[in-house]
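Residues per chain are reported as follows:
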Amino acid sequence: QVLISAGPAMFGVGGWFEDGEASIISGYMRAVERAQSSIFIENQHFFYAPLLRCIRGACFRGVQVLCLLPGQPLGPVRHAKTQSEAHIAGELVEAPRYHEDWLALAELGGCEEFTLAFVAANDGQGGYRHVYVHSKVCVVDAEWMTSGSANIVDLSFDKD
């Protein structure tokens, strides 16, 4: 089955998906909702509150979740986190763009069944260096998987 995401602007009025197409996020949501034992996610981004909350629900059902992300996220991701923290501290009146996503990720941190991991490599000098994760893979219960180009972020699911 081929899943795609295409915002209305991609094809213009009268295009193939005039109202947009969001089967990638729909596929993720259905798979996570049906998960019974395990979820493995490897992605460059992990900032989509509806999916993060769905994953939290899976954790509450006893599903083991392992999420592999870059140890040093891109600058805009770090900036979004800083803005969200400033909003929580009362330094920013308006909630920043990814605030809800950061809150949903923080909620996952309280789930015993959720593991967030990063990849590191030996630097040859007795230390380690971060390995940047750019893949987009998800495996649920060793029965459903996706591999493609969509990051777990609103830009990939409903903006592009």
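Only a predicted model underlies this, so the values are computations on that prediction, with no experimental measurement involved. (Residues numbered from 1 in each chain as written. Predicted model: local features only at pLDDT ≥ 70, side-chain atom pairs only at ≥ 80, totals over all residues. Heavy atoms only, no water.)

Caption draft 1: Representation of unusual backbone geometry within the structure. Positive phi outside glycine occurs at Asp-141, with the angle close to 55°. Secondary-structure assignment places Asp-141 in the loop between strand E9 (137-140) and strand E10 (144-147). Its identity as a non-glycine residue notwithstanding, Ala-142 has a phi of 55°, on the positive side. Looking at the element boundaries, Ala-142 is found in the loop between E9 and E10. (Helix = DSSP H or I, 4+ residues; strand = E, 2+ residues; numbered from the N terminus.)

Caption draft 2: Fine view of the nonpolar core. Counting residues in hydrophobic clusters, the biggest one holds 38 residues, and the most contacted among them are Ile-39, Phe-46, Leu-51 and Leu-108. Of all the elements, helix H3 (residues 49-60) adds the most residues to this core, at seven residues. Every residue in contact with Phe-46, bar those within four places of it in the chain, is listed here: Ile-41, Leu-52, Ile-55, Cys-67, Leu-69, Leu-105, Leu-108, Phe-114 and Ile-152. (Core = buried A, V, L, I, M, F, W, Y, C linked by side-chain atoms within 4.5 Å. Buried < 20%, exposed > 50% of the residue type's maximum accessible area, 1.4 Å probe, protein only. Contact = heavy atoms within 4.5 Å.)

Caption draft 3: Looking closely at the packing of aromatic side chains. Within the structure shown, the criterion is met by three aromatic pairs. When the centroid spacing of 6.2 Å and the interplanar angle of 10° are considered together, the rings of Phe-46 and Phe-114 count as stacked. Taken together, the residues span a long stretch of sequence, with Phe-46 in strand E4 (residues 46-47) and Phe-114 in strand E6 (residues 114-118) at a distance of 68 residues. Across the pair, exposure class does not vary: Phe-46 and Phe-114 are buried alike. Each ring, one from Phe-47 and one from Trp-102, has its centre 4.7 Å from the other, and the planes form 50°; the classification is tilted. Of this pair, Phe-47 sits in strand E4 while Trp-102 sits in helix H5 (residues 99-108), placing them 55 residues apart in sequence. When its relative accessible area of 10% is taken as the criterion, Phe-47 is described as buried. Since its relative accessible area comes to 15%, Trp-102 is described here as buried. (Phe/Tyr/Trp six-rings, centres within 6.5 Å; stacked < 30°, edge-to-face > 60°.)

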